[in-house]
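# Architecture and fold: a report
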Amino acid sequence: AQSVTQLGSHVSVSEGALVLLRCNYSSSVPPYLFWYVQYPNQGLQLLLKYTSAATLVKGINGFEAEFKKSETSFHLTKPSAHMSDAAEYFCAVSRGAAGNKLTFGGGTRVLVKP
Amino acid sequence: DTAVSQTPKYLVTQMGNDKSIKCEQNLGHDTMYWYKQDSKKFLKIMFSYNNKELIINETVPNRFSPKSPDKAHLNLHINSLELGDSAVYFCASSQDRDTGELFFGEGSRLTVL
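A few points on the structure. (Residues numbered from 1 in each chain as written. Chains lettered and ligands numbered in written order. Predicted model: local features only at pLDDT ≥ 70, side-chain atom pairs only at ≥ 80, totals over all residues. Heavy atoms only, no water.)

A separate point is the sheet that holds strand β3 (residues 19-25) of chain B. Residue and element names in this part refer to chain B. Overall, antiparallel pairing links the four strands, which are arranged β1-β3-β8-β7 in an open sheet. Across the chains shown, the open sheet's two edge strands, defined by having one partner strand only, are β1 (4-7) and β7 (64-70). Neighbour to neighbour, the strand axes of the sheet diverge by 20° on average, direction disregarded. The pairing of β7 with strand β8 (residues 73-78) spans five bridges and is classified as antiparallel. Bridge pairing in β8 links P66 to L76. (Pairing = 2+ DSSP bridges. Helix = DSSP H or I, 4+ residues; strand = E, 2+ residues; numbered from the N terminus. Axes fitted to C-alpha atoms, helices over the stretch in contact; angles between N-to-C directions.)

Turning our attention to the interface of chain A and chain B. At the junction of the two partners, chain A supplies 22 residues and chain B supplies 21 residues. Approximately 1700 Å² of surface area, both sides summed, lies buried where chain A meets chain B, with 53% of it carried by carbon and sulfur atoms. On the surface where chain A and chain B come into contact, there are one salt bridge. For the salt bridge of K49 of chain A with E101 of chain B, the shortest nitrogen-to-oxygen distance reads 2.7 Å. At the boundary of chain A with chain B, the tally comes to four residue pairs in polar contact (both at pLDDT 80 or more). Put simply, the parts of the chain that give the side of chain A that touches chain B at least two residues each are β4 (32-38), β5 (44-50) and β9 (87-94) of chain A. (Contact = heavy atoms within 4.5 Å. Buried area = accessible area lost by both parts, 1.4 Å probe. Salt bridge = Lys/Arg side-chain N within 4 Å of Asp/Glu carboxyl O. Polar contact = N/O pair within 3.5 Å; in protein donor to acceptor, adjacent residues only side chain to side chain.)

Turning our attention to the state of the cysteines. Counted under the stated rule, the structure contains two disulfides over all chains. The side chain of C23 of chain A participates in a disulfide bridge whose partner is C91 of chain A; the two sulfur atoms lie 1.9 Å from each other. The sign of the S-S torsion, about -65°, decides the handedness of the disulfide formed by C23 of chain A and C91 of chain A: left-handed. With C23 of chain A in strand β3 (residues 19-26) and C91 of chain A in strand β9, the pair connects residues that are 68 residues apart, well separated along the chain. The pair C23 of chain A / C91 of chain A is uniform in exposure class, with both members buried. One disulfide in the model links C23 of chain B with C91 of chain B; its S-S distance is 1.9 Å. (Disulfide = S-S within 2.5 Å. Buried < 20%, exposed > 50% of the residue type's maximum accessible area, 1.4 Å probe, protein only.)

What follows concerns the environment of M83 of chain A. Residues and elements named next belong to chain A. Relative to the elements of secondary structure, M83 occurs in the loop between β8 (73-78) and β9. Considered as a pair, M83 and E66 are 17 residues apart in the sequence and their alpha carbons are 23 Å apart. Look past the residues within four positions of M83 in its chain and what remains in contact with it is E15, V112, K113 and P114.

Moving on to the side chain of Q6 of chain B. Residue and element names in this part refer to chain B. Note that Q6 resides in strand β1. Assessed through its relative accessible area of 6%, Q6 is described here as buried. Side-chain polar atoms of Q6 contact the backbone oxygen of Y89, separated by 2.8 Å. A distance of 3.0 Å separates a polar side-chain atom of Q6 from the backbone nitrogen of C91. Not counting residues up to four positions away in its chain, the partners in contact with Q6 are I21, K22, C23, W34, Y89, F90, C91, G105, E106, G107 and S108.

Set out below in C-alpha cells:
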C-alpha cells in the first residue's frame, strides 16, 4: 500500500519569499513521486516528477523538489514566490508498475501576500 | 484545442436522477481515468481504462458505470444520484498505464440537491 502526507493544509508566504511545501510518503516499493498544481476552477497540472533518476528534480515555473529516501520525503520549494503561485498543490505517489494508480496527498493551499 | 475536455462543466440535479459526464482526449494517449475530488479537495481514483479495457476499479458503488467506446473517450454514468455524490469529477489521460504523468480535464462539478 502507498500513502502520501502533506504537512499543512494552508501555507501563507510573502511575495519574493521562499515557498516550502512538505510531502512525506510511504511505499512498499521504490516510488515514483509527483507534484501537481491546481489553479482555481481548473484541472491539475504536472509540476515535476521523480522516477529514480536524479534526486533533485526541477520542474516548471521555478519549482524544484528533492527526493530523500532516508526521510521518505519529497518536499517542494521555490526560492521566490510570485503572486501567480497562489494555488493548491498536491503531492502524489505511484508504484510505476502496470495498473498504475496515483495516490494523492490532501493538498496544500498556497496564499501569496503582496 | 483542449487536450482533455469534459462536458458538462456544471451539473445540478435532484436526488434519484441519472446523469452522465463525457470525456474526450486528443493526445493519442492509451490510458484514461476518472478521479473524484470531494469538498475538502481530497482526490481519489475511481476507474482507469487502458485501450478500452478496465484496469482499475476502486471501491466505488455500482451506481457508477464507466464506458469507453474507444481509447479517446471515457464516459461516466451515475444512476440514482445521492447527496454524497456531490463533488468535482476529473477525467485524465496518460501516455500509457505505467506513467504517473497525467493530463487532467478542467473538471465537472456535480451538485445533487
